[in-house]
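If you want the building blocks of each chain, they are given just below.
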Amino acid sequence: MAAKRAERLVNLVIALLSTRQFVTAARIRATVPGYEADDGSERADEAFKRMFERDKAELREMGVPLETGRTSVFDTEDGYRIARADYELPEIHLTGEEAAAVGLALRLWESAQLAGPAHSALVKLKAAGIDVDSSRAIPLQPRLDAGEPAFEPCYAAARDRRQLEFGYQRPDEDTPARRRVQPWGVVAWHGRWYLVGQDLDRRAPRVFRLSRVVGAPKATGPANAFEPPEGLDLSEVVAGQVTGEEQLVVVRARPGTAIGLRRHATPLGPAEDGDDRLQLRTTEPGSLADQLAAYGADVLVEAPGEMREAVIARLTRLAAMATPA
């Protein structure tokens, strides 16, 4: 399914879930982003009708309980709504790994451009006199991950298939290099966000860590200018190019502590003293040392020795700062 169509369907579902009233097709056209605007022409009307019929059929095929009816006897045409009681899932119990996957998906949702248009549709429905129940609405707040300001423009360029230009600062280079890329997608790998695409100057697939992007990436050229390789696995591409610069770190964590650390760690089993042994991968040892030091006595570094010394040095500085002169 095309990205724009998927966004439109998500916006439609959110709008129809958030009202008890039946919403007419004309009102949906005016409030839900992605539909053909009403410019008074027959062409636009026909395009909207075809699009809306396809969307209704798509939702019903996916099992969405789309209802047709009228709110009152004075209504002159049918409207649509989604019965929340029929749409909601029963209580779901997740394993730790499944919960982590859901958390990652939530970060992507919060960073993507889906939330803004969907919230705008609800505002328009309410302004038009449609009874929007705020307690039933899905709370949406578009925001970026504070550590990755490059996420949104990179995600948007990959979604729209537009060429992307940005400055990129590698650790072994003194100044940022200008990169021209056909972005294939953005993916998270071991707690980091990466852009995967075709480097036009190097004429080869490349992986770019978003934290190393300098300034605001700029999309250029028309949309749909290229297609990613068929059967592309973004994670596999990142794994193949990033693994070489990764460092393995083994730590001990007291049971029930360091929850944030565990989300990106591989369990190695219990230690003799009852602590949990965890293996971490990092491409930024300094940043990981800061993170480990923040856990204080709850986390102990086993290996490598350089990481243990780096954490001890940070804790020593903190202790000195806390000691009165």
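So, how was this worked out
- Residues numbered from 1 in each chain as written.
- Predicted model: local features only at pLDDT ≥ 70, side-chain atom pairs only at ≥ 80, totals over all residues.
- Heavy atoms only, no water.
- Pairing = 2+ DSSP bridges.
- Helix = DSSP H or I, 4+ residues; strand = E, 2+ residues; numbered from the N terminus.
- Polar contact = N/O pair within 3.5 Å; in protein donor to acceptor, adjacent residues only side chain to side chain.
- Axes fitted to C-alpha atoms, helices over the stretch in contact; angles between N-to-C directions.
- pLDDT = per-residue confidence, 0-100.
- Contact = heavy atoms within 4.5 Å.
- Phe/Tyr/Trp six-rings, centres within 6.5 Å; stacked < 30°, edge-to-face > 60°.
- Buried < 20%, exposed > 50% of the residue type's maximum accessible area, 1.4 Å probe, protein only.
- Expected span 1.5 Å × (residues − 1).
- Arc of directions from axis to C-beta.

With six bridges joining them, strand β6 (residues 192–199) and strand β7 (residues 204–209) adopt antiparallel strand pairing. Note that in β7 the partner of Q198 across the bridge is P205. Joining the antiparallel neighbours β6 and β7 is a turn of four residues, in which R203 adopts a positive phi near 55°.

Turning our eyes to something else, we now look at the sheet that holds strand β3 (residues 79–82). If you trace the three strands from one edge of the open sheet to the other, you get β1-β3-β2, paired in antiparallel fashion. Edge positions in the open sheet fall to β1 (23–24) and β2 (66–69), since each of these has one partner strand only. Pairing geometry for β2 and β3, over four bridges, is antiparallel. When the bridges of β3 are listed, G69 appears paired with G79.

All right, on to the side chain of R29 then. Within the fold, R29 resides in helix α2 (residues 25–31). At a separation of 3.4 Å, a polar atom in the side chain of R29 contacts the main-chain carbonyl oxygen of A44.

Residue P304 is reached from A303 by a cis peptide bond, and omega for that bond is 0°. Turning to its location among the elements, P304 is positioned in the loop between β12 (299–303) and α11 (305–322). One non-glycine residue, N224, adopts positive backbone phi at about 55°. By the secondary structure assignment, N224 is in the loop between β8 (213–220) and α8 (234–242). Phi angles above zero are rare outside glycine, and A258 is one such case at about 55°.

Spatially, four strands are ordered β10-β11-β9-β12 in an open sheet, and the strand pairing comes out antiparallel. Both outer strands of the open sheet, β10 (266–270) and β12, are each paired with one neighbouring strand and no more. On average, each strand axis in the sheet is tilted by 30° relative to the strand beside it, whichever way the strands run. Judged from the four bridges that link them, β10 and strand β11 (residues 276–282) form a sheet pairing that is antiparallel. The partner of G269 across the bridge, within β11, is R277.

Further remarks concern the confidence of the model for the protein chain. It should be kept in mind that the predicted coordinates are not to be read in detail where pLDDT is low. The predicted model of the protein chain averages 79 in pLDDT, with 76% of residues at 70 or higher. The low-confidence segment residues 110–114 (pLDDT under 50) makes 18 contacts with residues lying over four places distant or belonging to another chain. Across residues 136–146 the pLDDT falls below 50, and counting only partners more than four positions away or on other chains, this stretch makes 30 contacts in the model.

Let's shift gears to the packing of aromatic side chains. In total, this model carries nine aromatic pairs according to the counting rule given. Consider the rings of Y35 and F52, whose centres lie 6.0 Å apart with planes at 85°: the pair is edge-to-face. Placement of the pair is Y35 in the loop between α2 and α3 (42–61) and F52 in helix α3, with a sequence separation of 17 residues. Judged by relative accessible area, which is 4%, F52 ranks as buried. Geometrically, the ring pair formed by F166 and F208 is edge-to-face, given 5.3 Å between the ring centres and 85° between the ring planes. On the criterion of sequence distance, the pair formed by F166 in strand β4 (residues 163–168) and F208 in strand β7 is long-range, its members being 42 residues apart. Overall, the relative accessible area of 0% leaves F208 in the buried class. One aromatic cluster in this structure is built from Y35, F48, F52 and Y80.

A word on α3. Helix length check: α3, at 20 residues, gives a terminal C-alpha distance of 29 Å against a target of 28 Å (1.5 Å per residue), a fit within 8%. What α3 keeps buried is the set A44, A47, F48, M51, F52, D55, K56, E58 and L59. Within α3, the buried residues cover an arc of 160° as seen down the axis, which keeps them to one side. Opposite its buried face, α3 presents the exposed residues E42, R43 and E61, each directed more than 90 degrees away. Where α3 terminates, the next one or two residues include G63, which has phi positive at roughly 90°.

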